[in-house]
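Listed below, chain by chain, are the residues.
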Amino acid sequence: MSSHASIASAGTASAGLERFTYDDDVVRKFVMATVVWGVVGMLVGVIIALQMVNPMFNLSLQGSEWTSFGRLRPLHTNAVIFAFAGNAVFAAIYYSSQRLLKTRMFSDLLSRIHFWGWQLIIVSAALTLPLGLTQAKEYAELEWPIDIAVVLVWVVFAVNYFGTLAVRRERHLYVAIWFYIATVVAIAILYIFNNLVMPAGALKSYSIYAGSQDAFMQWWYGHNAVAFFLTTPFLGLMYYFLPKAADRPVFSYRLSIVHFWTIVFIYIWAGPHHLHYTAVPEWASTLGMLFSVMLWMPSWGGMLNGLLTLRGAWNRVATDPILKFFVVGVTFYGMSTFEGPLLSVKSVNALSHYTDWTIAHVHAGALGWVGFMSFGMVYWLLPRLFQTDVAKPSWVGLHFWIGTIGILLYVIPIYAAGLTQGLMWRSFNAQGVLEYPDFIETLTILIPFYWIRVLGGTLYLVGAVLCLVNVIMTWMRRPAVYDVPVHEAAPLTAGFREPPLPPSKLPQGSVTNFARKLDVFAQLRWHRTWEGLPLVFTVMVGIGVISASLFEIIPMFTRRSDIATIATVTPLTPLECAGRDIYVSEGCVNCHSQMIRPMRAETERYGEYSKAGEFVYDHPFLWGSRRIGPDLARIGTTKSSPLWHWRHFALPTDTSPGSIMPPYPHLLAKELNFGKIGASVQALKALGVPYTDADVANAEELARAQAKEIAAKLAAETGPTGVEDRQAIALIAYLMRLGTDLNKPVAVPAAEPAIAGMPSPTATSARPTEGPVGVPSDRGGE
Amino acid sequence: MANQTPTPTAPREPVLLSSNYDGIREYDNPMPFWWTSIFWLTILAAGPYFFFYHLGVGSSLNDNYEAEVGEYGAILAAQLGDVEADTPTILTLVERPELRMGGAALFKGNCATCHGPEGGGLTGPNLTDDAYINVKTPEDIFRVITNGVPGKGMPEWGKRFSKQQVLLLASYVANLRGTKPGSAKEAQGSVIEPWPKVEAPATPSGSAAPTK
């Protein structure tokens, strides 16, 4: 350990040694932000859990359009991922890296820009998401100006981090640092390439990818956000704080090397397992599954190195609540990373996908692994950062038990709910008829489970509040001036050479020379050289991440036969575009999928399964990941009554007794901004959707004409009159269009004037044909 | 802190590497044998799986789906035999309980949200009274379900369901006439002649024919 000396007694440094201090102030800031945002994010989680028990908690009938489930759900996920886990990760990185590298952070200024910039991003997310400003892609909802801020802050962080590596006084990088490097590199790549959008105004944009390609990019990002934001940095955290708290050596250096590199390379491939049975090509889905199964052992390598490091310290686990947090956290990591490969097997996924099983899975990981590792770290840091005793030591153990019971009460009923609903959806009676043809009966049966979840989530939140209060009370006991210990270490010297690799113990001889080389390789001591060269190490991580990505991305964007053209699929009308924007803004995608899988249980319920060619103009894709309500991919073929939709928006239980969908009275009352539609059509045209200049120029008139037509139908059905300017009309137009193109009669060259201005397809086949559809820009004129 | 003495419970202390990061030491333990074995197994199994399903004879997801649809088609064909969408068939089909179940399920899943769970009408018209808008005969029910009523909110179910499924549905709907739903919408359209009397086909005893 480095020698300590207080500033007061600081004389000159010993010969050849440099003196330095650590920046713990920024760590204190990140820790405080972790616990504050943790409580906020979990509170929103409890609120949306209540909304699933009773829609009155959406408050929409009380006049609030900002608190519906569709808008708060992304707020919850973004808050717990980027605000709670994000700040915890940064606290861990800033505290441990300085000590593991024996240096202060490269720049105090950059550290502060990182901290304050990140908090500003969180606040802007908390403001924009309830306003319905969203890109609709999960965990990538933030609109483009915030995305730019995220990238800038991340660059600041990266410069600061690699600068710190450059000025380090420890020759070799410890395994925690490897995981931090992987986080910095991979998140930058993932975030940028999934968030490429075409702006259509200051706070509105469209993904540059469409349909199945967008879906692929989203889950390449989404899955690897789990990998490189919720796994690798937390493994880094584990590798520092767990051996520190346990005061035991790490179980296996070799295991660290192998599981690190296999995680970095294999994780990237696994994304398409979120898209089994969908309209992404089956080869991608198969690769996603196979690599997920391969990922099982690399993930368990982390669990083993965590749990086996505790050998010889298990007696302390019984008495030390911090170690308890870590043990349960690592155990949940092991469970989640076994369940992940299991869920990625296609036949299991056929049952689990779109159900609460996924929700239970992520919460086992989020509450158990991410949450408990963060809390364990916070409690370990508390006395060290604030240089005083923890204000309420007994609360730490209390938090552990409340939290653990909370996790169990959350995940067990939600696993049960997922299985129940999945099995009900696919249940046929002996006559081959759906046993539960009404979607709502597969939902209302889950309400008791949802009540238990509210209880479990509330308990977990109570634990987090205990932590927050404890942190604040400890902070209040801090000394007037923090002691800043001065450390001494020798700087790195030039011309360092690694010692030669230890020779193989295998016998000498020409036959076994190869075996001897293999033996030396398998000892993995050569890896020490990379650990001494951060630049080389970083480049290797980059190569791993990028090459694994390209193996799937290149065929995904070049194999045109994977996205068979459908002649009758045409772009949305301007009014339908506006309706789609409302669908995005209200977060409908959080509860409704638009992707019917090729299974009879789905086609009987929702209609013909979805084809890749139907989504070629879908910027962004809106396939969804959870069916809290029914699939809407073909809603246009079965709900052709505007009045039904109108009444359904006014009060969903009116048309669908038992529904837990929030009412949307504001859509019925508020006027649509027709003037903005042109900008949307223009942006989509720029992305390759085959609109003409006239479509852009006349977008508003075209939209008004179609709105009038729908309003007339609504009035004819004895609905309200004079509502052609309302937002609901646009949304109805969109919903009535959904899924109808596939079996549309083949259009004749001169289309009807009402939907004129749309390009008229002249091909003769309504069925998918093998044909060129690739990158968006060259899709026009089929 | 840095120098760990072997704990008495450990059979033998493994090799401790010389590295020391802020007091953290590392053992040079080998990877567990079961761990490496399972890892290799998952890697080695991947290749054959991919080749079997994507370059070999393994069936695709769509193949499996087509097979599933074919099986159900066979069940329906066996149940219905060679039937036409004529008045006697439509009026009597759902007197057979297994077919009534099919018709009821289709109605519940697709029609109830507009026509009411018991057919009493909501946004769609009441199907239990004697007034009809586009229907004069039972065959018209089959036709309206198949083609929909463009512009009036009734979808074209013929695009969604097989002819046999529409037949089940039409039969179920025809037999809703005269039932007493819990809540009934006012009559729309005009009152039409009662359905013609047809000879009921031989049905299993205790059939669940709807009460008229």
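Residues numbered from 1 in each chain as written. Chains lettered and ligands numbered in written order. Predicted model: local features only at pLDDT ≥ 70, side-chain atom pairs only at ≥ 80, totals over all residues. Heavy atoms only, no water.

**Description of the overall build of chain A**
Alright, step 1. Summing up its helical and strand segments, chain A has 30 helices and five strands in all.
Alright, step 2. Radius of gyration (C-alpha) of chain A: 28 Å, near the 28 Å computed for a compact globule of 782 residues.
Alright, step 3. For chain A, the spread of C-alpha atoms along the three principal axes comes to 90 × 65 × 55 Å.
Alright, step 4. Within chain A, buried positions represent 65% of all 782 residues.
Alright, step 5. Within chain A, counting contacts between residues at least 6 apart in sequence, those at least 24 apart form 82% of the total.
Alright, step 6. Total accessible area computed for chain A in this model is approximately 26900 Å², and 68% of it derives from carbon and sulfur atoms. (Helix = DSSP H or I, 4+ residues; strand = E, 2+ residues; numbered from the N terminus. Rg over C-alpha atoms; globule rule 2.2 N^0.38 Å. Buried < 20%, exposed > 50% of the residue type's maximum accessible area, 1.4 Å probe, protein only. Contact = heavy atoms within 4.5 Å. Areas by Shrake-Rupley, 256 points an atom, 1.4 Å probe, with all protein chains shown as cover.)

**Some remarks on a nonpolar patch on the surface**
Alright, step 1. The grouping of F106, V155, V159 and V167 of chain A at the surface amounts to a nonpolar patch, some 320 Å² of accessible area in total.
Alright, step 2. If you trace the backbone, F106 of chain A turns up in the loop between α2 (69-101) and α3 (108-128). (Patch = residues over 30% accessible without salt bridge, like charges linked within 9 Å, V, L, I, M, F, W, Y side chains within 5 Å. Salt bridge = Lys/Arg side-chain N within 4 Å of Asp/Glu carboxyl O.)

**Examining the domain arrangement of chain A**
All names here are of chain A.
Alright, step 1. What the domain assignment lists for chain A is domain 1 (4-476) and domain 2 (569-778).
Alright, step 2. Domain 1 and domain 2 are separated by 35 Å when their C-alpha centres are compared.
Alright, step 3. Across the contact, 64 residues belong to domain 1 and 61 residues belong to domain 2.
Alright, step 4. Sorting the residues of domain 1 by area buried against domain 2 places Y206, Y354 and F439 first, and these three jointly supply 16% of that buried surface.
Alright, step 5. We note a salt bridge from D581 to K204, for which the minimum N-O separation is 3.5 Å.
Alright, step 6. Summed over the shared surface of domain 1 and domain 2, the result is 25 residue pairs in polar contact (both at pLDDT 80 or more).
Alright, step 7. With seven residues, the single largest contributor to the side of domain 1 that touches domain 2 is helix α6 (residues 211-229).
Alright, step 8. Looking at side-chain class alone, the side of domain 1 that touches domain 2 contains 33 nonpolar, 21 polar and 10 charged residues. (Domains from an automatic or database assignment. Buried area = accessible area lost by both parts, 1.4 Å probe. Polar contact = N/O pair within 3.5 Å; in protein donor to acceptor, adjacent residues only side chain to side chain. Nonpolar A, V, L, I, M, F, W, Y, C, P; charged D, E, K, R; others polar.)

**Observations regarding the packing of helix α5 (residues 175-194) of chain A against helix α20 (residues 534-558) of chain A**
All names here are of chain A.
Alright, step 1. The N-to-C vectors of α5 and α20 enclose an angle of 50°; their axes lie 10 Å apart at closest approach. Between α5 and α20, the angle is such that the two are oblique. By crossing handedness, the relation of α5 to α20 is classed as right-handed. Two secondary-structure elements touch here, α5 through W178, I181, A182, V185, A186 and I189 and α20 through F537, T538, V541, G542, V545 and I546. (Axes fitted to C-alpha atoms, helices over the stretch in contact; angles between N-to-C directions. Parallel < 35°, antiparallel > 145°, perpendicular 65-115°, else oblique. Left-handed = near helix turned anticlockwise from the far one by under 90°.)

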